[in-house]
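Report on the structure
Single-letter residue listing:
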Amino acid sequence: MQSQTVEIIHNDRVSAKYFRLGLAWKTPTIVPGHFVMLRVSDGLDPLLRRPFGIYNVIGAKGKDSLRGEGIELIYQVVGKGTNILSMKRPGEKLSILGPLGNGFPYPEDHKNVIMIAGGMGIVPLYLFAKRINRGKLLFGARGRAEAGVAKDFKALDCKVKIATEDGSIGRKGYVTELLEEDLTPGMIVYACGPVAMLKRVAEISLKEGAKCYVSLERAMACGIGVCLGCAVKSKAHNEKENKNYMMVCSEGPVFDSSLIDWDVL
Ligand SMILES: Cc1cc2nc3c(=O)[nH]c(=O)nc-3n(C[C@H](O)[C@H](O)[C@H](O)COP(=O)(O)OP(=O)(O)OC[C@H]3O[C@@H](n4cnc5c(N)ncnc54)[C@H](O)[C@@H]3O)c2cc1C
Ligand code: FES
């Protein structure tokens, strides 16, 4: 893990609020689920780096590639930092810290994988789906415009089912309803999205006897386990190791869902 200055290859708007950012970064090995911390401004405001999951590994020209000359992120503009980021142009430079975190463990049998994502939670699952080149994605979005990011998965050998809150595409309702229908014992669930969704995914997986890994998002100041700002209360760890909290940035962001105390998240 190291901090470096990297050049922007592209920073394209892909929908009303989503951008696709390509960075020329000769990457060390990236495990799906790794994330980076980006400094979006040279000044003091905003002071803190912002965390983003790694969507894809690309070539120097921004095209899909396994050569590891760059990475691609997908981000949603939600506040000051992401708004500044959205105005950056190709050729400008950004300071990047990473790769950070643990990433998703690979399954022994790729056929039993079921991925479930809500909104921007789809980001770390794309590289995962690409590496295992199989599996099923259940994707929850507010509406058709947000659901567009799932199209890359369809180009992989990956089945995609969509649920939208407004019913404009796919099933009208919550994506967890799709999981209840499709999950069978022995499957391994890989999930990323809002906490309420992840909590429900953990409950459904437990009920079906399925192993479940969740990638958590917490507000992060340092990203490297120093500030203790991203702590989550642990459950099983607590009993086994007498350890009450886990740091999402340095011990996660991917956790076995049974280790998390969902009641206080
Ligand atoms: C490990 C990790 C990976 C992430 N990956 C991605 C990604 O791939 N793409 C992406 O778009 N975003 C991702 N995020 C969220 C992203 O870091 C925040 O959206 C970003 O930091 C917001 O910065 P801002 O300055 O624009 O917003 P701020 O001005 O800091 O906040 C604006 C609003 O967004 C809310 N907000 C801030 N951070 C988060 C968060 N983590 N989750 C939910 N709401 C938040 C705030 O509560 C506030 O309401 C990730 C976060 C983590 C921890
Ligand atoms: S963000 Fe500082 S310890 Fe995790």
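Structure shown above.
Residues numbered from 1 in each chain as written. Chains lettered and ligands numbered in written order. Predicted model: local features only at pLDDT ≥ 70, side-chain atom pairs only at ≥ 80, totals over all residues. Heavy atoms only, no water.

1. Structural notes on the nonpolar core
- Core analysis: the biggest nonpolar cluster contains 35 residues, and Ile116, Leu179, Leu183, Val189, Val201, Val214 and Leu216 have the highest contact counts within it.
- The leading source of residues in this core is helix α6 (residues 195-208), at five residues.
- Those residues in contact with Leu183, other than ones at most four positions away along the chain, are Ile114, Val189, Ile204, Ser205, Glu208 and Ala210.
- In this structure, Ile122, Tyr126, Ala150 and Tyr190 belong to the second largest nonpolar core, which totals 29 residues. (Core = buried A, V, L, I, M, F, W, Y, C linked by side-chain atoms within 4.5 Å. Buried < 20%, exposed > 50% of the residue type's maximum accessible area, 1.4 Å probe, protein only. Helix = DSSP H or I, 4+ residues; strand = E, 2+ residues; numbered from the N terminus. Contact = heavy atoms within 4.5 Å.)

2. Focus on the site of ligand 1
- Ligand 1 sits among 18 residues. The nearest are Arg50, Pro51, Gln76, Gly81 and Thr82.
- The contact in question runs from a nitrogen atom of ligand 1 to an N or O atom on the backbone of Gly53, over 2.9 Å.
- In this structure, Gln76 approaches ligand 1 through a main-chain N or O atom, which is 2.8 Å from an oxygen atom.
- Relative to its unbound accessible surface of 870 Å², ligand 1 loses 67% to contact with the protein.
- Taken together, the elements giving at least two residues each to the shell around ligand 1 come down to β4 (50-53), β6 (70-76) and α1 (80-86).
- Here the shell around ligand 1 takes four residues from β4, the largest share from any one element.
- In terms of residue class, the shell around ligand 1 is made up of nine nonpolar, five polar and four charged.
- When residues are assigned to domains, the shell around ligand 1 turns out to be shared by domain 1 (2-100) and domain 3 (216-265), each giving three or more. (Near = heavy atom within 4 Å. Polar contact = N/O pair within 3.5 Å; in protein donor to acceptor, adjacent residues only side chain to side chain. Areas by Shrake-Rupley, 256 points an atom, 1.4 Å probe, with all protein chains shown as cover. Nonpolar A, V, L, I, M, F, W, Y, C, P; charged D, E, K, R; others polar. Domains from an automatic or database assignment.)

3. Let's talk about the packing of aromatic side chains
- This structure, assessed with the given rule, holds nine aromatic pairs.
- Taking 5.5 Å as the distance between ring centres and 50° as the angle between the ring planes, the aromatic pair formed by Phe104 and Phe128 counts as tilted. Of the two residues, Phe104 is situated in the loop between β7 (93-100) and β8 (113-118) and Phe128 in helix α2 (residues 123-132); the sequence distance between them amounts to 24 residues.
- Here Phe104 falls in the buried class, since its relative accessible area comes to 2%.
- On the basis of relative accessibility, which here comes to 0%, the residue Phe128 falls in the buried class.
- Three or more aromatic residues joined by ring pairs make a cluster, and in this case those are Phe104, Tyr106, Phe128, Tyr190 and Tyr213. (Phe/Tyr/Trp six-rings, centres within 6.5 Å; stacked < 30°, edge-to-face > 60°.)

4. Digging into the pairing of strand β10 (residues 159-164)
- Pairing analysis gives six bridges linking strand β9 (residues 136-141) to β10, with the strands arranged parallel. What sits directly across from Leu138, in β10, is Lys161.
- Sheet topology note: the β10/strand β11 (residues 171-172) ladder contains two bridges and is parallel. For Thr164, the partnering residue across the bridge sits in β11 and is Lys172. (Pairing = 2+ DSSP bridges.)

5. Side note on the sheet that holds β8
- Read across the sheet, seven strands follow the order β11-β10-β9-β8-β12-β13-β16 without closing on themselves; strand pairing throughout is mixed. Either end of the sheet is taken by a strand with one partner, and the two such strands are β11 and β16 (254-256).
- Strands β8, β9, β10 and β11 of the sheet are contacted by helix α5 (residues 175-182), whose axis makes an angle of about 155° with β9.
- Sitting on the sheet, α6 touches β8, β12 (188-192) and β13 (211-215), and the angle it makes with β12 is about 170°. (Axes fitted to C-alpha atoms, helices over the stretch in contact; angles between N-to-C directions.)

Purely geometric numbers; function is a separate question.
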